[in-house]
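Now for the letters of each chain:
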Amino acid sequence: MKTMRLITQSLFAVLLLTLASGCGHTFSQVPVHQVALTGGQVSPHHIALVLNQELATYQHKFVLVGGTDSYPIGDALQDYARNVTTNSFQQIDVVPSEEKAASLTSDDLILIPRVVKSDTSFGHGKFTITLVMEWTAKNRASQNTIWLKTITATASEKMGSAFTTLKHRRLLFQKAFDDLTPQTYKAFQEAPELRGSQP
């Protein structure tokens, strides 16, 4: 009986996704409200934050029956990176490349956020998103990597009907960033390589 119910739910999910996705769409940038971060200490480091083209144009893909829906989340990723760094370090200079970061003699560290992967699974009437970010910190003068951290965020949200799918997917992204942001902030706070005085 449970097996039949599971098969029925899976078939319904496939039908819903087929109707919702059609041949696949590319949507507009996903709006995400950034999490307020408080309670930590501000590091005296001066940071060159690299927000490159790869991050700016990143798209999360829902691979579905009948096509792939793409959601640009580059703006959300850049806002997230600015949020966690400006609340963690004394000075932030945003640059488009590592080469530009290396030329800023006023900064002592370079921070580079990168999406390792983002994927979505579905079952039991819910979508689950997994977003994996990697942060690399380099000494600006020597270009040596002094810190490397991978952070994984997960979130779930109900699929909704064919009429509310977009709303629930946007809620899913919001929940993912609500999980990712405090994890990243905590990682910055706990890394001794990032908390000390300027070299």
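Only a predicted model underlies this, so the values are computations on that prediction, with no experimental measurement involved.

(A) Examining the overall build of the protein chain more closely. Helix and strand content of the protein chain: six helices and seven strands. Starting at the N terminus and walking to the C terminus, you meet the elements of the protein chain as α-β-α-β-β-α-β-α-β-β-β-α-α. In the protein chain, 72% of the contacts between residues at least 6 apart in sequence involve partners at least 24 apart. As displayed, the protein chain offers around 10100 Å² of accessible surface, 56% of which is attributable to carbon and sulfur atoms.

(B) Examining the pattern of salt bridges more closely. Applying the stated rule across the entire model yields seven salt bridges. The salt bridge partner of Arg-114 is Glu-134, with a shortest N-O separation of 3.2 Å. Remark: Glu-134 occurs in strand S6 (residues 126-139) and Arg-114 occurs in strand S5 (residues 109-123); sequence separation between them is 20 residues.

(C) Expanded view of the packing of aromatic side chains. Evaluated as defined, the whole model comprises eleven aromatic pairs. Both rings, one in Tyr-80 and one in Phe-177, keep their centres 6.1 Å apart while their planes meet at 65°; by these two values the pair is edge-to-face. One end of the pair, Tyr-80, is in helix H3 (residues 74-86); the other, Phe-177, is in helix H5 (residues 165-190), with 97 residues separating them in the sequence. In this pair, the class of Tyr-80 matches that of Phe-177, namely buried. Above the face of the Phe-62 ring, Arg-169 is positioned so that its terminal group lies 4.5 Å from the ring centre.

(D) Looking closely at the side chain of Thr-85. Residue position: Thr-85 is located in helix H3. Sequence-distant contacts of Thr-85, that is, excluding residues within four places in its chain, are made with Leu-49, Ile-92, Leu-111, Trp-135 and Phe-188.

What counts and how
Residues numbered from 1 in each chain as written. Predicted model: local features only at pLDDT ≥ 70, side-chain atom pairs only at ≥ 80, totals over all residues. Heavy atoms only, no water. Helix = DSSP H or I, 4+ residues; strand = E, 2+ residues; numbered from the N terminus. Contact = heavy atoms within 4.5 Å. Areas by Shrake-Rupley, 256 points an atom, 1.4 Å probe, with all protein chains shown as cover. Salt bridge = Lys/Arg side-chain N within 4 Å of Asp/Glu carboxyl O. Phe/Tyr/Trp six-rings, centres within 6.5 Å; stacked < 30°, edge-to-face > 60°. Buried < 20%, exposed > 50% of the residue type's maximum accessible area, 1.4 Å probe, protein only. Lys NZ or Arg CZ within 6 Å of the ring centre and 35° of its normal.

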